[in-house]
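# Understanding the architecture of this molecule
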Amino acid sequence: MSEQIRNKRIIIEGMTCVSCQRRIEKALRNTAGVRSAKVSYSGGFADVSYDASAVSMSKIRATIEGLDYKVLPQGTPPGKKGAGGKVNASRVIGLVII
């Protein structure tokens, strides 16, 4: 079986602090087939490099959502909610708490 390396930017809603960023990164890096994962709390996204022959995008999405974060549809600007385009309130609350 040959490797099919893919790179994907995943828009994530619900991160409220840097600990959220680290938590998602750790879970993704421990997922079989994921080569690298760089999560940006401030940007609201994860850049993931993975072997598509070993892990599916739906498995990666399920890993993130299993941590109680939401993966937004492709094309949604980072830091925004789905169709409404409102600023992510949980991110603002997280910044206020810090």
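Source: prediction; values computed, not measured. (Residues numbered from 1 in each chain as written. Predicted model: local features only at pLDDT ≥ 70, side-chain atom pairs only at ≥ 80, totals over all residues. Heavy atoms only, no water.)

For any part of a model where pLDDT is low, the fine detail of the predicted coordinates should not be relied upon. In this model, the chain carries a mean pLDDT of 86, and residues with pLDDT of at least 70 account for 78%. Across residues 81-86, confidence stays below pLDDT 50; counting only partners more than four residues off in sequence or on other chains, it has 7 contacts. (pLDDT = per-residue confidence, 0-100. Contact = heavy atoms within 4.5 Å.)

A few words now on unusual backbone geometry. The backbone of Asp68 shows a phi angle near 75°, a positive value even though the residue is not glycine. Looking at the element boundaries, Asp68 is found in the loop between helix 2 (57-65) and strand 4 (70-71). (Helix = DSSP H or I, 4+ residues; strand = E, 2+ residues; numbered from the N terminus.)

A separate point is the nonpolar core. For soluble globular proteins, nonpolar side chains are generally found buried alongside one another. Within the largest apolar cluster, 21 residues are counted, with the highest numbers of intra-cluster contacts made by Ile24, Leu28, Ile60 and Ile64. Sorting the residues of this core by element identifies strand 1 (5-13), helix 1 (18-29), strand 2 (34-40), strand 3 (45-51) and helix 2 as the ones contributing at least two each. At 4 residues, the largest contribution of residues to this core is made by helix 1. Those residues in contact with Leu28 that lie beyond four places of it in its chain are Val34, Ala37, Val39, Ala46, Val48, Ile60, Thr63 and Ile64. (Core = buried A, V, L, I, M, F, W, Y, C linked by side-chain atoms within 4.5 Å. Buried < 20%, exposed > 50% of the residue type's maximum accessible area, 1.4 Å probe, protein only.)

What follows is about helix 2. For an α-helix, 3.6 residues make a turn, and residues three or four places apart therefore share a direction. What helix 2 keeps buried is the set Met57, Ile60, Thr63 and Ile64. The buried residues of helix 2 occupy an angular sector of 120° when projected down its axis, which confines them to one face. Each element contacted by the buried residues of helix 2 is listed here: strand 1, helix 1, strand 2, strand 3 and strand 4. (Arc of directions from axis to C-beta.)

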